[in-house]
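# Structural overview for review
Now for the letters of each chain:
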Amino acid sequence: MKSAHYMAGLAALTLPLLATAAGAADIKVGAIYPITGGGAVYGVPAMEGHRMAIEEVNAAGGINGSMLVSVERDSKLNPAEAAAAAKEMITKDGVNVIIGGLSSAVGLAISEVARQEKVIYIATIPKTIQLTTTKLHDYVFRTASHTDFEGDAMAQIVKQLGAKKVCQIDLDYAYGHDLRAGVLKGLKKHVPDHEIGLQVYAKLGSTDYNVLITQLLGSDCEVVTSSLWGSHFVNFAQQAKPFGFFNQKKYVTGGEIASHEIAGKMGKDYPDNVWSNTYELWYDDFVPMHKTFHEALTKRLGTNETPMWPALAWVGVKFYATAANKAGSIDSDKVAGALKGLSIETPMGKRTINPKDHQADTGQFWGPMVKKDGASYRVMNPVTYIPAKLDGM
């Protein structure tokens, strides 16, 4: 159970978000995450990671001697709201950069404003491949993974499971469409003799999955791949479990369903036969830097069982600060130039931004979610890091 201190902090974040008082020479860093509604389970902890990184950068001297001030807005997981917030932050608040986003649709909306206004946007969570391909521009950079990396990793797991017949359930928007395409590309490479069975879409925000569950149960698939994330997966699992769905089908899913935010929330209701991903695990020190990061986050949140999303927001801020210091300027074009090819150390290992497509080489941890003696929630075991590359295992 999360501590009262942590819960109080999350409650405080649901209040209207305003800029901290800024001095004339301060650098304003915009942050857009969902703080209310269905995306808050991700956005609230992400905002904590953002603030933690801002404080660390300032403690180390800021950017070229200037302090960072966080200007924060609630995207409400709505592309129009996010675009309006981004526009206001740039034109009225005078932010020098925007960091964040959650859903792919929100990320694309923020990116378009950044393109128009020629302001750096660092996408810390949105994963649609479009951001760094068809929608790539001079001012967008991504430190999250993307749907081709994620889909390829899912195909590798299907291969490991020895499955051939695959069904798919995905969310009917950019992320779901792009992840499905990524899985299909990965299956062609890793499981060339695979068969695709039933393919269904669920509306973004869906709460009732009974019809789709019945259809999937009636299929002869061995594995179901999925892009259901957050409350979508929670609702699906709660409705599917009583029908024995997870005893009949192996479920390989993206959407960071292995994160402690989901595993801890579901507790003993988390189903069997689920293989999923996460960017970070509080109980796995993949590199020495993770232990230091986790200790600081534990102190900040008042719980040892820390969420995953702070790490992603933290990385976005650190990339911007490192690039601006390297450029010796906060001019968008100069910072963009410094971000290309830039490498930094993170709690999940070294990360480098590709100078051509502005995509960081962000891999993820993958594995089965299993019961652990003495724990009221599932953990990933074994934990396997799958690098962000598309040239095979």
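Cut-offs applied
- Residues numbered from 1 in each chain as written.
- Predicted model: local features only at pLDDT ≥ 70, side-chain atom pairs only at ≥ 80, totals over all residues.
- Heavy atoms only, no water.
- Helix = DSSP H or I, 4+ residues; strand = E, 2+ residues; numbered from the N terminus.
- Rg over C-alpha atoms; globule rule 2.2 N^0.38 Å.
- Buried < 20%, exposed > 50% of the residue type's maximum accessible area, 1.4 Å probe, protein only.
- Areas by Shrake-Rupley, 256 points an atom, 1.4 Å probe, with all protein chains shown as cover.
- Lys, Arg positive; Asp, Glu negative; His and termini not counted.
- Charge placed at Lys NZ, Arg CZ, Asp CG, Glu CD.
- Phe/Tyr/Trp six-rings, centres within 6.5 Å; stacked < 30°, edge-to-face > 60°.
- Lys NZ or Arg CZ within 6 Å of the ring centre and 35° of its normal.
- Axes fitted to C-alpha atoms, helices over the stretch in contact; angles between N-to-C directions.
- Parallel < 35°, antiparallel > 145°, perpendicular 65-115°, else oblique.
- Left-handed = near helix turned anticlockwise from the far one by under 90°.
- Contact = heavy atoms within 4.5 Å.
- Nonpolar A, V, L, I, M, F, W, Y, C, P; charged D, E, K, R; others polar.
- Salt bridge = Lys/Arg side-chain N within 4 Å of Asp/Glu carboxyl O.
- Pairing = 2+ DSSP bridges.
- Disulfide = S-S within 2.5 Å.

Below, the discussion takes up the overall build of the protein. Helix and strand counts for the protein come out as 13 helices and 15 strands. The C-alpha atoms of the protein give 20 Å as radius of gyration, which agrees with the globular expectation for 393 residues (21 Å, within 12%). The principal-axis extents of the C-alpha atoms in the protein amount to approximately 65 × 45 × 40 Å. The buried share of the protein, reckoned over its 393 residues, is 59%. Total accessible area computed for the protein in this model is approximately 15000 Å², and 53% of it derives from carbon and sulfur atoms. The distance from the centre of the 39 positive side-chain charges to the centre of the 39 negative ones in the protein is 1 Å.

Before going further, it helps to spend a moment on the packing of aromatic side chains. This structure, assessed with the given rule, holds 17 aromatic pairs. With a centroid separation of 5.3 Å and an interplanar angle of 85 degrees, the aromatic rings of tryptophan 282 and tyrosine 283 are classed as edge-to-face. Given the relative accessible area of 27%, tyrosine 283 is considered partly exposed. A network of ring pairs unites the aromatic residues Tyr209, Phe233, Phe236, Phe245, Phe246, Tyr251 and Tyr270 as a single cluster. The residue whose ring lies beneath arginine 180 is tyrosine 201, and the NZ or CZ to ring-centre distance is 3.9 Å.

Running from N to C, helix 5 (residues 147-160) and helix 6 (residues 174-190) point in directions that differ by 45 degrees, and their axes come no closer than 7 Å. When the axes of helix 5 and helix 6 are compared, the pair comes out oblique. The two elements helix 5 and helix 6 cross, and the hand of that crossing is right-handed. For the pair helix 5 and helix 6, the contacting residues are Thr147, Asp148, Glu150, Gly151, Asp152, Met154, Ala155, Gln156, Val158 and Lys159 in the first and Tyr175, Asp178, Leu179, Gly182, Val183, Lys185, Gly186, Leu187, Lys189 and His190 in the second. Along the lines of polarity and charge, the residues of the contact of helix 5 with helix 6 split into seven nonpolar, six polar and seven charged.

This part is about the pattern of salt bridges. All told, the structure shown has 18 salt bridges when counted by the stated rule. Residue arginine 73 is joined to aspartate 93 by a salt bridge in which the shortest nitrogen-to-oxygen separation is 2.7 Å. A residue pair is termed long-range when its members are at least 10 positions apart, and arginine 73 in strand 2 (residues 68-74) and aspartate 93 in the loop between helix 3 (79-91) and strand 3 (97-100) qualify at 20 residues. For the pair shown, arginine 73 and aspartate 93 are each scored as buried. Between arginine 180 and aspartate 170 there is a salt bridge, and its shortest N-O distance comes to 2.7 Å. Of the two residues, arginine 180 sits in helix 6 while aspartate 170 sits in strand 6 (residues 165-171), which places them 10 residues apart along the sequence. Of the two residues, arginine 180 and aspartate 170, both sit in the buried class. The structure contains a network of salt bridges with shared partners spanning Glu48, Arg51, Glu55, Glu72 and Arg300.

Where burial is concerned, the two faces of strand 4 (residues 120-123) agree: the one with Ile120 and Ile122 and the one with Tyr121 and Ala123 are both buried. Sheet analysis places strand 3 next to strand 4, joined by four bridges and oriented parallel. Looking at the pairing, glycine 100 lines up with alanine 123 of strand 4. Here strand 4 pairs with strand 5 (residues 140-142) via three bridges, running parallel. When the bridges of strand 5 are listed, alanine 123 appears paired with arginine 142.

Counted under the stated rule, the structure contains one disulfide. Here cysteine 167 connects covalently by a disulfide to cysteine 221, the sulfurs 1.7 Å from one another. Measuring handedness by torsion sign, the sulfur bridge of cysteine 167 and cysteine 221 sits at about 55 degrees and is right-handed. A residue pair is termed long-range when its members are at least 10 positions apart, and cysteine 167 in strand 6 and cysteine 221 in the loop between helix 7 (210-217) and strand 8 (223-226) qualify at 54 residues. Take cysteine 167 and cysteine 221: they sit in the same class, and that class is buried.

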